Amino acid sequence: MRWLIDNFSVVVDLTKTHLYLALVPLLIGLLIAVPVGTAIRGASWLRKITLIVAGIAFTIPSLALFVTIPSVVGLQILDPLNVVIALTIYSTALLIRAVPEALDSVPADVVDSATAMGFTRLRRALTVELPLALPVLVANVRVVAVTNISLVSVGSLIGIGGLGTLFTQGYQRDYPDQILAGIIAIVVLALAFDLLLFLVGRALTPWTRQQRVRRTPLVAGQSAAPAAGEAS
């Protein structure tokens, strides 16, 4: 903690870089996964193929991907875009599985009602299914965000910034305090961003809180009924 306090400005600069490398791939992954995941949900064979490809993509070791991308795309080895592209692949692979699963959580009777009201498939997806799928989708986005924040640190092994730089510099200098500072900073960053996404998801889904409030008096009434019978 002493090292973190003494080098606070350095940690803040590295945190900004770390967030950029972690969150840009998350946003791009969402832009790709939401429309693709919505489209493949109704075609079981296409959904299976997509999930297989996504699973294979996610099993590729991150360091191998960081090293391979420059030669494939034509970038310099120290270009931050290498990390952005690699983490976009991972984010999309995870989210493209999460979107259909989130849509599956929408009650079938709600979907049928929207169809009966004349909603087109696109309108139903945008105005009914995706909003109701938000609780499950946000939970998966939180997992991807924390995963990205963790994986960015691997990029420091090929010289790309972020809080992982504290690991490599601490190791090279044989300075455990700097390594420990990097671990603390990444854990705090991941927890803070996970909490932020939780609060955003809670704000976007107020009906989930209303449902819990409605259930509470019912349960209380059910438990109070036997007591009244016993008293009589």
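Scoring rules and cut-offs
Residues numbered from 1 in each chain as written. Predicted model: local features only at pLDDT ≥ 70, side-chain atom pairs only at ≥ 80, totals over all residues. Heavy atoms only, no water. Helix = DSSP H or I, 4+ residues; strand = E, 2+ residues; numbered from the N terminus. Buried < 20%, exposed > 50% of the residue type's maximum accessible area, 1.4 Å probe, protein only. Areas by Shrake-Rupley, 256 points an atom, 1.4 Å probe, with all protein chains shown as cover. Contact = heavy atoms within 4.5 Å. UniProt positions renumbered as here; feature names shortened; annotations may be inferred. Phe/Tyr/Trp six-rings, centres within 6.5 Å; stacked < 30°, edge-to-face > 60°. Lys NZ or Arg CZ within 6 Å of the ring centre and 35° of its normal. Patch = residues over 30% accessible without salt bridge, like charges linked within 9 Å, V, L, I, M, F, W, Y side chains within 5 Å. Salt bridge = Lys/Arg side-chain N within 4 Å of Asp/Glu carboxyl O. Expected span 1.5 Å × (residues − 1).

1. Regarding the overall build of the protein chain
Phase 1 of the analysis: Secondary structure assignment for the protein chain yields ten helices and zero strands.
Phase 2 of the analysis: Going residue by residue from the N terminus, the α and β elements of the protein chain occur as α-α-α-α-α-α-α-α-α-α.
Phase 3 of the analysis: The buried share of the protein chain, taken over its 232 residues, is 38%.
Phase 4 of the analysis: Of the accessible surface of the protein chain, which amounts to about 13100 Å², a share of 69% is contributed by carbon and sulfur atoms.

2. Quick word on the environment of Gly161
Phase 1 of the analysis: By the secondary structure assignment, Gly161 is in the loop between helix H7 (121-152) and helix H8 (165-172).
Phase 2 of the analysis: Look at Gly161 and you get partly exposed, because its relative accessible area is 26%.
Phase 3 of the analysis: Taking the C-alpha atoms as reference, Gly161 lies 7.2 Å from His18; in sequence the two are 143 residues apart.
Phase 4 of the analysis: Setting aside residues no more than four positions away along its own chain, Gly161 makes contact with Thr17, Leu21 and Val152.

3. Here we look at the UniProt feature "transmembrane region" (unreviewed entry) in the protein chain
Phase 1 of the analysis: The UniProt record marks residues 20-40, 49-69, 81-99, 143-167 and 179-205 with the feature "transmembrane region" (unreviewed entry), using the residue numbering of this structure.
Phase 2 of the analysis: This span, residues 81-99, is 100% helix and 0% strand, and a straight line between its end C-alpha atoms measures 26 Å.
Phase 3 of the analysis: With 96% helix and 0% strand, residues 179-205 has its two end C-alpha atoms placed 39 Å apart.

4. Side note on the packing of aromatic side chains
Phase 1 of the analysis: If you walk through the whole model with that rule in mind, you get one aromatic pair.
Phase 2 of the analysis: For the ring pair Phe58 and Tyr90, a centre distance of 5.5 Å and an interplane angle of 80 degrees mean the geometry is edge-to-face. Of this pair, Phe58 sits in helix H3 (residues 44-59) while Tyr90 sits in helix H5 (residues 81-104); the two residues are 32 residues apart in sequence, bridging distant segments of the chain.
Phase 3 of the analysis: Classification of Tyr90 as buried rests on a relative accessible area of 3%.
Phase 4 of the analysis: The ring of Phe119 carries the charged tip of Arg123 above its face, separated from the ring centre by 3.9 Å.

5. A few points about a nonpolar patch on the surface
Phase 1 of the analysis: Taken together, the side chains of Trp45, Leu46, Ile49 and Val53 present a nonpolar region at the surface, about 400 Å² in accessible area.
Phase 2 of the analysis: Mapping Ile49 onto the fold places it in helix H3.

6. Looking at unusual backbone geometry
Phase 1 of the analysis: Its identity as a non-glycine residue notwithstanding, Asp174 has a phi of 55 degrees, on the positive side.
Phase 2 of the analysis: For Asp174, the position within the fold is in the loop between H8 and helix H9 (176-204).

7. Quick notes on the pattern of salt bridges
Phase 1 of the analysis: Going through the model one piece at a time under the given rule, you end up with five salt bridges.
Phase 2 of the analysis: The closest approach of N and O atoms between Asp104 and Arg47, which form a salt bridge, is 2.7 Å. Here Asp104 is found in helix H5, whereas its partner Arg47 is found in helix H3, with 57 residues between them in sequence.
Phase 3 of the analysis: Of the charged contacts, one joins Arg142 and Asp194 as a salt bridge, the two residues approaching to 2.9 Å between their closest N and O atoms. With Arg142 in helix H7 and Asp194 in helix H9, this residue pair connects regions lying 52 residues apart in the sequence.
Phase 4 of the analysis: Since its relative accessible area comes to 24%, Arg142 is described here as partly exposed.
Phase 5 of the analysis: Overlapping salt bridges bring together Arg41, Arg47, Asp104, Arg124 and Glu129 as one network.

8. Focus: H9
Phase 1 of the analysis: Look at H9: 42 Å from first C-alpha to last across 29 residues, which is about the 42 Å you get at 1.5 Å a residue.
Phase 2 of the analysis: For H9, the complete set of buried residues consists of Gln178, Ala181, Gly182, Ala185, Ile186, Leu189, Ala190, Phe193, Asp194, Leu197 and Gly201.

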